[in-house]
Amino acid sequence: MFQVDIIEQCKQNNRKAQLQLYNQYCDGMYIVAKRFLKDAADAEDVVQEAFIKAFTKLHQYQAEVTFGAWLKRIVVNKSIDFLKAKKYTLVELHEGHLKVIDTSKDDKWLVEDTVTLNDVKLAINALPETYKYVVMLYLIEGYDHQEISEILDISEVASRTQLSRGKVKLQKLLTLKKDGTRS
């Protein structure tokens, strides 16, 4: 059965089609939620809430993006809402304290060959909250600054600044010391 057919059946409250769509996306959406939330049970709850919202708002889905991308946006927003509700507040920056940091087009997110994916994940998790979510949304989830500003309810300038500062901190965390241990 094609994706479009499944979505159309889900719009008509076909439970079998909803289960099929859920089974197709639940593992991937759990991974997205888990990037934001440390606790597995919290990530599961957020994914469940995201699917409930997706099924109730499915009539608003216009196929401008893939269903997976649309659902992922819901999961990210639900994850951030969960963090805000748990008092893991994102620190609000005022535009007067920010400066726009221009980066060159050839600026890369390069690290030493000895750095593993696990090292990068641990370093991102060690970032201050103000930088962590912008870095995750940009680097891992692939959102641009306009989308990040909408998701986190910050300005695009704040998104760029937090990403730049987070990148500097991330690079410091991933730099090897002379004795071979991470800083």
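Predicted, not measured: the structure shown is a model, and the values here were computed from it.

(A) Region of interest: the environment of Arg160. Structurally, Arg160 can be placed in helix H8 (residues 156-174). Taking relative accessible area as the criterion, Arg160 reaches 33% and is therefore assigned partly exposed. C-alpha separation for the pair Arg160 and Ile148, spaced 12 residues apart in sequence, amounts to 9.4 Å.

(B) Representation of a nonpolar patch on the surface in the model. On the surface, a cluster of nonpolar side chains totalling about 220 Å² of accessible area is made up of Tyr138, Leu139 and Ile140. Here Tyr138 is to be found in helix H6 (residues 129-140). On the basis of relative accessibility, which here comes to 31%, the residue Tyr138 falls in the partly exposed class.

(C) Spatial organisation of helix H2 (residues 15-36). Between its terminal C-alpha atoms H2 stretches 29 Å, which fits the 32 Å expected from 22 residues at 1.5 Å a residue. At Cys26, H2 is deflected by roughly 45 degrees, the largest bend along its length. Those residues of H2 not exposed but buried are Ala17, Gln18, Leu21, Tyr25, Cys26, Met29, Val32, Ala33 and Phe36. Regarding H2, its N-cap is Asn14, as a side-chain oxygen of that residue lies 2.9 Å from the backbone nitrogen of Lys16 further along.

(D) The pattern of salt bridges, seen in detail. In total, this model carries six salt bridges according to the counting rule given. Here Glu141 makes a salt bridge to Lys72, at a shortest N to O gap of 2.9 Å. Of this pair, Glu141 sits in the loop between H6 and helix H7 (145-152) while Lys72 sits in helix H4 (residues 67-85); the two residues are 69 residues apart in sequence, bridging distant segments of the chain. For Glu129, the salt bridge is made with Lys132, and the minimal N-O distance between the two is 3.5 Å. Taken together, the residues span about one helical turn, with Glu129 and Lys132 both in helix H6 at a distance of three residues. For Glu129, a relative accessible area of 30% puts it in the partly exposed group. Classification of Lys132 by relative accessible area gives buried; the value is 4%. A single network of salt bridges, built from pairs that share partners, joins Arg35, Lys72 and Glu141.

Reading the values: rules and limits
Residues numbered from 1 in each chain as written. Predicted model: local features only at pLDDT ≥ 70, side-chain atom pairs only at ≥ 80, totals over all residues. Heavy atoms only, no water. Helix = DSSP H or I, 4+ residues; strand = E, 2+ residues; numbered from the N terminus. Buried < 20%, exposed > 50% of the residue type's maximum accessible area, 1.4 Å probe, protein only. Patch = residues over 30% accessible without salt bridge, like charges linked within 9 Å, V, L, I, M, F, W, Y side chains within 5 Å. Areas by Shrake-Rupley, 256 points an atom, 1.4 Å probe, with all protein chains shown as cover. Salt bridge = Lys/Arg side-chain N within 4 Å of Asp/Glu carboxyl O. Expected span 1.5 Å × (residues − 1). Bend = angle between axes of the 7 residues up to and from the residue. Polar contact = N/O pair within 3.5 Å; in protein donor to acceptor, adjacent residues only side chain to side chain.

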